[in-house]
Amino acid sequence: MSTYANGRPLRFGVEATAATAHLVDALGYDFALLTDDDALTTAAWAAARTEALHLVARVDADERTPEMLAHAVGTLERLSGGRIEVVSPVWPRDDASAVPITTESIAELAALALEHDTFVLRADEPAMRTFAVEILPKVREAIEGPRRRALRRPGIGYDHVPEELAHRVVEPGDPEFPGLRSTYLRGGDPGLVLRPTNADEVASAIAFARTHRHLPLGIRSGGHGISGRSTNDGGLVIDLGRMNAITVLDEATRLVRIEPGARWRDVATALQPHGWALSSGDYGGVGVGGLATAGGIGFLGRAHGLTIDHLRAVEMVLADGRLVRATADEHEELFWAARGAGANFGIAVAFEFEVDEVADVGWAQLAFRAPDPAAYLESFGRVVADLPRETTPFLILGQGMAQVMAMVDSSDPDVIVSQLQPFAEAAPLVQQQVVVAPYAAVMNMFPETPHHGRGEPVSRSVLAREMTPGLASASADLINSGASHFFQVRTVGGAVADVPSDATAYAHRDATYSITAMGSNAQRLDYWFDSVRRQSDGLYLSFESSDDPARLADAFPPATLARLRRLKAELDPDNLFRDNFNIDVPETRSAS
């Protein structure tokens, strides 16, 4: 039995009936739970494991109903710790087949249904059908309509949303809104969320956004991005989460079509039965669209390159609503730009990747004592300098401790141990776990994280060729200052460096390290991070939240940036797509 994930309900049912289906549709619920065996206790069990539950439960009218209800309420209160309010309307009965409907009972039940997160309805099926089909739709509009309109934000043409999108938009006050307003790290309060399901609907959403150029515009695939602005305050969000299909196009060439709303854990799971994998970050809950247009520094990176290095075609809806297919042979300049700066030019609605044959991999989690962060970083750098490309380690370093997560592209235990052994000899090892597992198992290792971010994420990013003493010292000063609560070093190089620097918009192919620091105060973090930045050469835009225009020069070398600006002026001259890592042109800078 499934329960809520990220504030969104998952559909489940036991002995669902047509009458209940009517009620579920009328109320806007995402599932119904019906069972003839102590239904309310079962309902309490489900509700206690959710954050916001809309629940319909049917209990036959008999002498046990009050006792069962009391038992269920008590169970729910104990399990939920006060998180969920129990609502138990009393619905008058004459007999088992009919329920008298009065103005008072309708108003009471409708108000409860529309205002409370947990709602237990006790009624027989004819009553459910009558209430749902004949009465509730009218009452719902009478009660909810004014409330919904009262929460609308100024400057948005709510009544002019394209017809094909109107039935799936989410406004403030809608039941789905709490699960969509924020992202993993950023708190938000958008005025309208558009949820297209295909390229034509994406074009309609873009057309609507063009009439609202005065508002922020967020483009969301998975909502896990650090630097992106896939939520906002009072603006529009185009949410691609329902465009999540994964299709094998050609088994012989391992060509796979993936839509932007798919999650990387689902991609890995779909590819595993074929013995395939596609390098894709370090967390399976990330959406495909953001990562696949920025680069994709993942656990298979040194062995197989960036995610974008496997891209063979991208379908993108441009600012003017055109759907184009970009490859090495058509719309070549857009194809070049999409691999490293794609969010600036349109909304990607599908990617075609040539994926790799990948057997089981070695997966290691190692913990070390690191009382001297600078010394540990230098020793880590020496190990990486001699490391075979089959192994890709990521390092999280704090005050006194270091954690290395590493993937070895081999299922041979001897190879795995030999490539990990230098890390074990570089510092005192206090904990280790090494397993042989499918890549999909690693991508599914961490549970889904609720997207209930608050405030603004503060993240800084650099790329570096070497772990020099100066870089290690500046990083240690940052860590010891307490200005950063998260400091990570990802390794690149290997296969990433095999691609010429001008082949994609991601141009820093000679980098060995991608360094990210996160903090709670931008000014304080910048004060300490500036020394790190001076020791570096480049920036990975997915991990940089600063909107300082100077960061453009860090992310893109001069020739790359000039080329991107020319294409931006051609494809998005009004700078519609400006709320991510924006490549503006001088003429549009004042408008953005």
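Keep in mind the model is a prediction, meaning the values are calculated, not measured.

Draft legend 1. Representation of the pairing of strand β3 (residues 236–239) in the model. Neither face of β3 is open: one carries Leu236 and Ile238, the other Val237 and Asp239, and all of them are buried. By the bridge criterion, three bridges tie strand β1 (residues 192–194) to β3 in an arrangement that is parallel. For Leu192, the partnering residue across the bridge sits in β3 and is Leu236.

Draft legend 2. Inspection of the side chain of Arg302 at higher detail. With respect to the element layout, Arg302 can be found in helix α11 (residues 301–304). Buried Arg302, no salt bridge; nearest opposite-charge side chain is Glu390, N-O distance 7.2 Å. Not counting residues up to four positions away in its chain, the partners in contact with Arg302 are Val384, Leu387, Pro388, Arg389, Thr391, Thr392, Pro393, Thr491, Val492, Gly493, Gly494 and Ala495.

Draft legend 3. How the structure looks around the packing of aromatic side chains. Enumeration over the complete set of coordinates arrives at 11 aromatic pairs. Taken together, a centroid distance of 6.5 Å and an interplanar angle of 25° make the contact between Tyr376 and Phe380 stacked. With Tyr376 and Phe380 both in helix α13 (residues 373–385) and four residues apart, this pair spans about one turn of that helix. Ring-pair connections join several aromatic residues into one group, and the members of that group are Phe368, Tyr376, Phe380 and Phe423. Sitting over the face of the ring of Tyr283, Arg265 holds its NZ or CZ atom 5.7 Å from the ring centroid. Against the face of Phe335 rests Arg339, its NZ or CZ located 4.0 Å from the ring centre.

Draft legend 4. Region of the structure containing the nonpolar core. In terms of nonpolar packing, the biggest core is built from 42 residues, with Val314, Phe345, Phe556 and Leu564 touching the most fellow members. Here this core takes six residues from helix α12 (residues 332–341), the largest share from any one element. The contact partners of Leu564, leaving out residues within four places of it in the chain, are Trp336, Ala337, Ala341, Phe345, Ala505, Phe556 and Ile583. Membership of the second largest hydrophobic core comes to 38 residues, among which are Val384, Ala406, Leu420 and Ala517.

Draft legend 5. The arrangement of the packing of helix α16 (residues 469–481) against helix α17 (residues 522–534) in detail. The N-to-C vectors of α16 and α17 enclose an angle of 165°; their axes lie 8 Å apart at closest approach. Comparing the axis directions of α16 and α17 gives the class roughly antiparallel. Judged by the sense of rotation from one axis to the other, the crossing of α16 with α17 is right-handed. For the pair formed by α16 and α17, the contact residues are Leu471, Ala474, Ser475, Asp477, Leu478 and Ser481 on the first element and Arg524, Leu525, Trp528, Phe529, Ser531 and Val532 on the second. Class assignment for the residues of the contact of α16 with α17 results in seven nonpolar, three polar and two charged.

Draft legend 6. Main features of the side chain of Gln365. Position of Gln365 among the secondary structure elements: in strand β11 (residues 361–370). Other than its neighbours up to four places away in sequence, Gln365 contacts Gln403, Val404, Met405, Gln431, Gln432, Gln433 and Met445.

Draft legend 7. Here's a closer look at the packing of α13 against α16. Their axes nearest at 8 Å, the elements α13 and α16 cross at an angle of 140°. For the element pair α13 / α16, the angle class is oblique. The handedness of the crossing between α13 and α16 is right-handed. Contact with α13, carried on its side by Pro373, Ala374, Leu377 and Glu378, involves Pro469, Ala472, Ser473, Ser475, Ala476, Ile479 and Asn480 of α16 and no other residues of that element. Taken together, the residues of the contact of α13 with α16 break down into seven nonpolar, three polar and one charged.

Draft legend 8. Representation of the sheet that holds strand β14 (residues 429–437) in the model. The strand order across the open sheet formed by seven strands is β14-β11-β13-β12-β16-β17-β15, and the pairing between neighbours is antiparallel. With one partner strand each, in any of the chains shown, β14 and β15 (458–464) form the two edges of the open sheet. Along the sheet, successive strands turn relative to each other by an average axial angle of 15°, direction set aside. In the packing of α17 onto the sheet, the strands contacted are β15 and β17 (513–519), and the crossing angle to β15 comes to about 5°.

Draft legend 9. Inspection of α17 at higher detail. Across its 13 residues, α17 extends 17 Å between first and last C-alpha, which sits within 8% of the 18 Å expected from 1.5 Å per residue. The largest bend along α17 measures about 40° and falls at Trp528. Taken as a whole, α17 has its buried residues at Leu525, Phe529, Val532 and Arg533. N-cap assignment for α17: the residue whose side-chain oxygen lies 3.1 Å from the backbone N of Gln523 is Asn521.

Draft legend 10. View of the sheet that holds strand β4 (residues 246–250). The strand order across the open sheet built from five strands is β4-β5-β9-β7-β8, with neighbouring strands paired in antiparallel fashion. Two strands bound the open sheet, and with one partner strand each, they are β4 and β8 (323–326). Going across the sheet, the axis of each strand differs from the next one's by a mean of 20°, ignoring polarity. With four bridges connecting them, β4 and strand β5 (residues 255–258) associate as antiparallel partners.

Draft legend 11. A look at α13. Over its 13 residues, α13 extends 18 Å from the first C-alpha to the last, a length consistent with the 18 Å expected when each residue adds 1.5 Å. Along α13, the residues that are buried comprise Pro373, Ala374, Tyr376, Leu377, Ser379, Phe380, Gly381, Val383 and Val384.

Draft legend 12. Representation of the environment of Thr391. Mapped onto the secondary structure, Thr391 falls in strand β12 (residues 391–397). The contact partners of Thr391, leaving out residues within four places of it in the chain, are Arg302, Ala406, Met407, Val408 and Gln419.

Draft legend 13. Highlighting the environment of Asp250. As for its placement among the helices and strands, Asp250 is situated in strand β4. Classification of Asp250 as partly exposed rests on a relative accessible area of 31%. Sequence spacing of Asp250 and Glu354 is 104 residues, and the spatial spacing of their C-alpha atoms is 9.4 Å. Looking at Asp250, its side chain comes within polar contact range of the main-chain nitrogen of Thr253, at 3.4 Å.

Draft legend 14. Molecular detail of unusual backbone geometry. Unlike most non-glycine residues, Arg254 shows phi in positive territory, near 55°. Its place among the elements puts Arg254 in the loop between β4 and β5. Phi is positive for Asn575, close to 55°, though the residue is something other than glycine. Note that Asn575 resides in the segment after α19 (558–571). On the accessibility criterion, Asn575 (0% relative accessible area) is buried.

Cut-offs applied
- Residues numbered from 1 in each chain as written.
- Predicted model: local features only at pLDDT ≥ 70, side-chain atom pairs only at ≥ 80, totals over all residues.
- Heavy atoms only, no water.
- Buried < 20%, exposed > 50% of the residue type's maximum accessible area, 1.4 Å probe, protein only.
- Helix = DSSP H or I, 4+ residues; strand = E, 2+ residues; numbered from the N terminus.
- Pairing = 2+ DSSP bridges.
- Lys, Arg positive; Asp, Glu negative; His and termini not counted.
- Salt bridge = Lys/Arg side-chain N within 4 Å of Asp/Glu carboxyl O.
- Contact = heavy atoms within 4.5 Å.
- Phe/Tyr/Trp six-rings, centres within 6.5 Å; stacked < 30°, edge-to-face > 60°.
- Lys NZ or Arg CZ within 6 Å of the ring centre and 35° of its normal.
- Core = buried A, V, L, I, M, F, W, Y, C linked by side-chain atoms within 4.5 Å.
- Axes fitted to C-alpha atoms, helices over the stretch in contact; angles between N-to-C directions.
- Parallel < 35°, antiparallel > 145°, perpendicular 65-115°, else oblique.
- Left-handed = near helix turned anticlockwise from the far one by under 90°.
- Nonpolar A, V, L, I, M, F, W, Y, C, P; charged D, E, K, R; others polar.
- Expected span 1.5 Å × (residues − 1).
- Bend = angle between axes of the 7 residues up to and from the residue.
- Polar contact = N/O pair within 3.5 Å; in protein donor to acceptor, adjacent residues only side chain to side chain.

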